[in-house]
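# Coordinates in review
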Amino acid sequence: MKNKGGVVLLTIIISLLCVYYLSFTFVAQRVNQQAIDAATVENTTDYQKKQEYLDSVWNEPVYNLFGVDFTYKEIKETELNLGLDLQGGMHVTLEVSPVEIVKGISGNSTDPNFLKALDMAKQNVKGTQLDFVTEFYNAYKEVAPDQSLASVFATAANRGRISLSTSDEEVLDLINTEVDGAIDRSFNILRTRIDRFGTSQPNIQRLQGTGRIQIELPGVDNPERVRKLLQGVAKLEFWEVHEMQEIFPTLQAMNDVMVKEMQAELPEISAEEGETTESEDLGDLLSDDSETDSLDADDLEAQLASDSTAVDSTFNSQVSPLFSLLKAQYGLVYDLKDTAQVNRMLKNPKVQQVIPSTIKFMWLVKPIKNQDELSQDEFLELYAIKTSRGGKAPLSGEVIVDARQDLDQRTAPAISMNMNATGAKKWKKLTGDNVNRRIAIVLDNYVYSAPNVQGEIPNGSSQITGNFTLEEAKDLANILKAGSLPAPTTIVEDVVIGPTLGKVAQDQGMLSIFAGLAIVIVFMIAYYSGGGMIANLALFFNVFFILGILAQLSAALTLPGIAGIVLTIGMSIDANVLIFERIKEELKNGAGLKQAITSGYRKAYSSIVDANVTTFLVGIILYSLGQGPVKGFAITLMVGIACSFFSAVFITRVFVEWFSKKGDQSKISFTTGLSKNALAGMNFDFISKRKFAYLFSTVFITIGIVAMMIKGLTFGVDFTGGRSYVVSFDKPVESSALKVALGSSFDNQGVEVKTYGANNVLKVTTSYLINDESDEADANVKAALVSGVSDFTGLSYVQDDSKASEGDFTIASSSKVGATIADDIKNASTQSVVFALVVIFLYILVRFRKWQFGLGAIIALFHDTLFVLSAFAIANMLGISFEVDQVFIAAMLTIIGYSINDTVVVFDRVRENLDVKAGGEMKSIFNESLNSTINRTMITSVTTLIVVVVLFLFGGAVLKGFSFALIVGILIGTYSSLFIATPVVIDFNKDKE
């Protein structure tokens, strides 16, 4: 083997990187356990206290590696995350409504044609992926063919952008720009809200190409609070800012309170020392230049770079965090990691008592980085806002008619802002009263900018300048439109998983991994002896690399992701089986050990590449078109394929050649008593039995289609829309009886109740109020469920599943999927299956140079898909119900990948034999190819089937349908590669005789 040293070096490097990145995961788990211990009393964990503990150490160093301190925040950014299904939490998809945005751009026009076109567009896009703006324009042209868009949108607010002569195309461009800007604005506002919500590792992303924003909040225990937070209207306000000298007495009073508390905790320090420190040193600090204005937000970055150590060195432990942690001399500027301490001080009830009602503290919304490129420090300024007795801002955002990114006189990025007549009048007074002072632009109680007023602004047209980047100027201009162009959001998908259910899923997933690993390890040693031990070693590296790389990618390990690892365990053996079977063939043909190893790896290589590439392509399609947990499964599958290829082809060869370096076959063996003569000398005529196989498949699929027509399939809520709940009881409850009882609660609008893993856990799915996605509808459906279950069982509902006792029931998880989301998921699922079939056909066509091979592969895959669907339908007819949902689609595509893997191995041997025996009888060559690969086919099927059966038995209710589909798919994929794919190539080949 060439480059053996390179393989060893690369293995060592990857291993060290995996150890490095996984170490963060272990530290994060340790801190998490400390949080659980701190929040657990009498075996009951208060998850809110747990979260408070984690938030308190968020910016604190918790890990020292090679002299470098890592905060808990940095640890969490690098650890191998757990998905919501493994730790509990909340997944929400919000949709930004373009209707209100278009109304806002029109100045809330009352034109009847405009309003009618909006209503028509709303109906046209419902349940589709059509673009709203395009549909609105089409509807407008239908109801008012002779009326231009400019006649509606040429308002005072749009002066300079739209006139009566502006073309429809230009108006549409403006509308699209504003709609996109509104979605970005909503994303930024939500991200800010989420960051301060109190969850240790939130994830928020905009789903490109849609008006949707997806949010994941691990560990959330108050879903109602989250929903209110996410859907609250953004409140843009303008506030006056106190100068430092104005609030000095208040700051000193706050410091006195904190020093007294510190003295109470440290009695050995005298009160006199504390008083001297606070009166002299603090006074010196704040009176060095009393004539200087407070630090301008625009100059904060420069101040931090030049004076990051401005705090007087004479401060000792008797100074409170308010002053001892200051990072700039003329403003309340703090290192980001210290803001938690400052917040705790501000929340102190005794401190709050000395803060006048005219002062309210607000943070800058976004940290400012140190200009020193070698420094990773980030800073935040705390503003003292001047409040009135009624607590109302002098000016609010609805007076803004336009805001846009512009250039100032120096051609530097700036923001131009225009107000209506009412706003201009108030703005004139506000700016006139605050010349050479700052006015804070505040959204959701966070300061986005605090520009210095250079003079009175009489006409409502202002320009905000500063050290903005182009992107920052665009973002601030966009934020300023929050008042004039509201972007209301609707929750169209809502999944809540309780921590108890997440812990159960986590335990079941880990049990599946270890059980699958153990069985495969034993099987490989029993079948391949020393070769099996090497394969197991490669398997260890494979799993280790998968976990390490997922940690490096900061990917989330979900329950389907664990299924992907379990599946990879079975499939990763395939490459070793291919190699070992080739080596055994070479040894049987009289080759020496070294030559057999060299030839075995060389001849197996093309099959391994083709098999892995086809499955990897399926993973890419899953990732591109899948959503939610399917993406997690796809990432794990692709990483697993790459790792298994490297470990099986390169790492095993290093060990195999090392054990056989003396050419002594006793050093390493590839057979045992179990495998020595297994399937040896087979000469089965597969091709002649193809008609029986065609008949069997036709009959089974026909029965399945009939079953689908009679009973149908059980579609999950993500395909149909609606709401589902997992309800846990303290004793078994009969699902059929509860279904009847809940019928009246849900106005007989459709309800499905079935056992979910255990007979005391039921899953309730309903289409009640399916078209109403409001919070009120969510509350009404849940209330109907709780009422119906309580009336039927006589049990009491407890919201916190950790506090449930005998006589209680809890809702362990809930899920809401809007009709539009459901349609999108169905469309994406259909596209992914069709796209996978087309891509695989093209790959096979390119690799094997004959369309018959591509056709045979596609017919076999189509056959496998119909067979699995038929199995689900027949099982449903027999009373065994498995849901068809996103995870099922992941299973179907995995089956496609597995089946083509199997088929490609056979095709590769056919291609090899056709080259060697050119001119020979086609049927004979195909039969010989099938018989020579049957050993590998059966072993791969058995090992993969073993781990999938383990997944079915121990993977939990969530993966029952997934693993059942895989069991059927593996069996039928093996069958189709032998009796469908290869015979079809013969039937469509003119030279078959």
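The structure we're discussing is the one just above.
What comes next concerns the included structure. Since the model is a prediction, treat every value here as computed from it, not as a measurement.

### Considerations on the nonpolar core
Within soluble globular proteins, side chains that are nonpolar generally end up buried alongside one another. By size, the foremost hydrophobic cluster in this structure holds 141 residues, and its most contacted members are Ile-583, Ile-844, Phe-872 and Phe-962. At 18 residues, helix α19 (residues 499-552) tops the list of elements feeding residues into this core. With residues near it in sequence (within four places) discarded, Phe-872 still touches Leu-713, Phe-882, Glu-883, Val-884, Phe-888, Gly-961, Phe-964 and Ala-965. One finds Ile-247, Val-257, Trp-363 and Val-447 within the second-largest nonpolar core, a separate group that totals 63 residues.

### Observations concerning the pattern of salt bridges
In total, this model carries 25 salt bridges according to the counting rule given. Between Glu-100 and Lys-103 there is a salt bridge; the shortest N-O distance is 3.9 Å. Of this pair, Glu-100 and Lys-103 are both found in helix α5 (residues 98-105), three residues apart, which corresponds to roughly one turn of the helix. The salt bridge involving Lys-754 is made with Glu-883; its shortest N-O contact spans 3.4 Å. A residue pair is termed long-range when its members are at least 10 positions apart, and Lys-754 in strand β24 (residues 751-756) and Glu-883 in strand β28 (residues 883-884) qualify at 129 residues. There is no split in this pair, since Lys-754 and Glu-883 are both buried. Counted as one network, the salt bridges with shared partners bring together Arg-161, Glu-178, Asp-402 and Arg-404.

### Considering the packing of aromatic side chains
Inspection of every chain in the model, using the stated rule, returns 39 aromatic pairs. Centroid distance Phe-645 to Phe-650: 6.1 Å. Interplanar angle 75 degrees. Geometry classified as edge-to-face. A relative accessible area of 18% means that Phe-645 is categorised as buried. The class for Phe-650 is partly exposed, based on a relative accessible area of 27%. Between Phe-684 and Phe-686, the ring centres sit 4.9 Å apart and the planes meet at 70 degrees, which makes this aromatic pair edge-to-face.

### Examining the state of the cysteines
This structure, assessed with the given rule, holds zero disulfides. The thiol of Cys-18 is unpaired, and the distance to the nearest cysteine sulfur, on Cys-643, comes to 7.3 Å. When its relative accessible area of 0% is taken as the criterion, Cys-18 is described as buried.

The rules behind the values
- Residues numbered from 1 in each chain as written.
- Predicted model: local features only at pLDDT ≥ 70, side-chain atom pairs only at ≥ 80, totals over all residues.
- Heavy atoms only, no water.
- Core = buried A, V, L, I, M, F, W, Y, C linked by side-chain atoms within 4.5 Å.
- Buried < 20%, exposed > 50% of the residue type's maximum accessible area, 1.4 Å probe, protein only.
- Helix = DSSP H or I, 4+ residues; strand = E, 2+ residues; numbered from the N terminus.
- Contact = heavy atoms within 4.5 Å.
- Salt bridge = Lys/Arg side-chain N within 4 Å of Asp/Glu carboxyl O.
- Phe/Tyr/Trp six-rings, centres within 6.5 Å; stacked < 30°, edge-to-face > 60°.
- Disulfide = S-S within 2.5 Å.

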